[in-house]
Amino acid sequence: MRVGLGFDLHRLAEGRPLIIGGLPLAHPRGPVAHSDGDVLVHAVADALLGAAGLGDLGEHFPEGEPEWKDASGSRILGAVMDLLDAAGLAIRNVDTVVLAEAPRLAPHREEIRRRLAELLRVDPARVNVKATTLEGLGPIGAGEAIAAQAVVSLRVRPSLDLEQDL
Ligand code: MG
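Residues numbered from 1 in each chain as written. Predicted model: local features only at pLDDT ≥ 70, side-chain atom pairs only at ≥ 80, totals over all residues. Heavy atoms only, no water.

A. Fine view of the nonpolar core. The biggest cluster of nonpolar side chains holds 44 residues, and the ones touching the most others in it are Leu48 and Leu120. A total of 11 residues in this core trace back to one element, the largest contributor, which is helix α1 (residues 39-52). Not counting chain neighbours up to four residues away, the residues in contact with Leu48 comprise Leu77, Val80, Met81, Leu84, Ile91, Leu120, Val152 and Leu154. Core analysis: the next-biggest nonpolar cluster, separate from the first, contains 5 residues, Val97, Leu99, Ala145 and Ala147 among them. (Core = buried A, V, L, I, M, F, W, Y, C linked by side-chain atoms within 4.5 Å. Buried < 20%, exposed > 50% of the residue type's maximum accessible area, 1.4 Å probe, protein only. Helix = DSSP H or I, 4+ residues; strand = E, 2+ residues; numbered from the N terminus. Contact = heavy atoms within 4.5 Å.)

B. Focus on the coordination of the magnesium ion. Coordination of the magnesium ion by the protein involves Asp8 (OD), His10 (NE2) and His42 (ND1), with metal-donor separations of 2.2 Å. Written as a sequence motif, the donor arrangement for the magnesium ion is D-x1-H-x31-H. Of this pair, His10 sits in strand β1 (residues 2-14) while His42 sits in helix α1, and the two are 32 residues apart along the sequence. Each of the two residues, His10 as well as His42, counts as buried. (Donors = N, O, S within 2.8 Å, 3.2 Å for Na, K, Ca; no water.)

C. Summary view of the sheet that holds strand β4 (residues 29-31). Pairing in this open sheet of 5 strands is mixed, and the strands run β4-β1-β7-β5-β6 from one edge to the other. Edge positions in the sheet fall to β4 and β6 (127-132), since each of these pairs with one other strand and no more. Between one strand axis and the next, the sheet turns through 25 degrees on average, direction left out of account. For strand β5 (residues 89-99) and β6, the ladder comprises 6 bridges, and the chain directions are parallel. Each residue of the ladder has a partner; that of Val94, found in β6, is Val127. Sheet contacts for α1: β1, β5, β6 and β7 (145-156); angle to β1, the most-contacted strand, approximately 155 degrees. (Pairing = 2+ DSSP bridges. Axes fitted to C-alpha atoms, helices over the stretch in contact; angles between N-to-C directions.)

D. A look at unusual backbone geometry. Geometrically, the link from Ala102 to Pro103 is a cis peptide bond, its omega value of -5 degrees lying close to zero. Along the chain, Pro103 falls in the loop between β5 and α4 (109-120). The phi dihedral of Arg121 is positive, around 60 degrees, even though this residue is not glycine. Within the fold, Arg121 resides in the loop between α4 and β6. For Glu135, which is not glycine, the phi torsion reads 55 degrees and is therefore positive. Assignment of secondary structure puts Glu135 in the loop between β6 and α5 (138-141). The class for Glu135 is exposed, based on a relative accessible area of 70%.

E. Here's a closer look at helix α3 (residues 73-86). Its 14 residues place the ends of α3 20 Å apart at the C-alpha level, agreeing with the 20 Å of an ideal helix rising 1.5 Å per residue. For α3, the complete set of buried residues consists of Gly73, Ile76, Leu77, Gly78, Val80, Met81 and Leu84. On its buried face, α3 sits against α1, α2 (57-60), β5, α4 and β7. Remark: Gly88 follows α3 within two positions and exhibits a positive phi of approximately 75 degrees. (Expected span 1.5 Å × (residues − 1).)

Structural measurements only, silent on function.
Encoded structure:
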């Protein structure tokens with residue numbers, strides 16, 4: 001088993017679209033970012049790369065590189081899942097927490113979970129999404145930023161030959 005940890009944070013500004021776990025949410029503020037600023041996707045992608053021993057998001061999708069400008073979370077996670085596939089690794093489970101003062105995420109949690117599981121190509125039972133406010137403290141509490149943390153565990157897929165034998 002391999003375990004990886006991911007964290008991401010983005011500043012929020014008026015009039016930017018807010019996308020969490022690939023799901024667009026109606027909110028007057030959204031992340032200031034080179035990509036779509038999906039903190040949940042970025043934290044999960046970093047955790048996956050970490051568990052696979054494949055470096056980090058910035059290394060694979062450099063800021064300022066036109067190919068990844070405004071890259072959606074689904075495109076980034078698709079590319080990361082392709083890397084895991086090539087390395088013979090599969091997701092066991094993913095646990096996450098989104099840190100945001102607003103909007104309230106509880107009503108969207110199941111939909112975010114399903115969307116994230118779809119992007120990760122696994123059953124939603126393997127993915128968990130939690131959310132918390134910071135009780136008004138610090139920049140996240142003031143609604144000036146949003147962040148996410150993720151932990152993943154991977155398993156090594158048996159080789160194709162072995163799989164045929166099973
Ligand atoms: Mg990010």
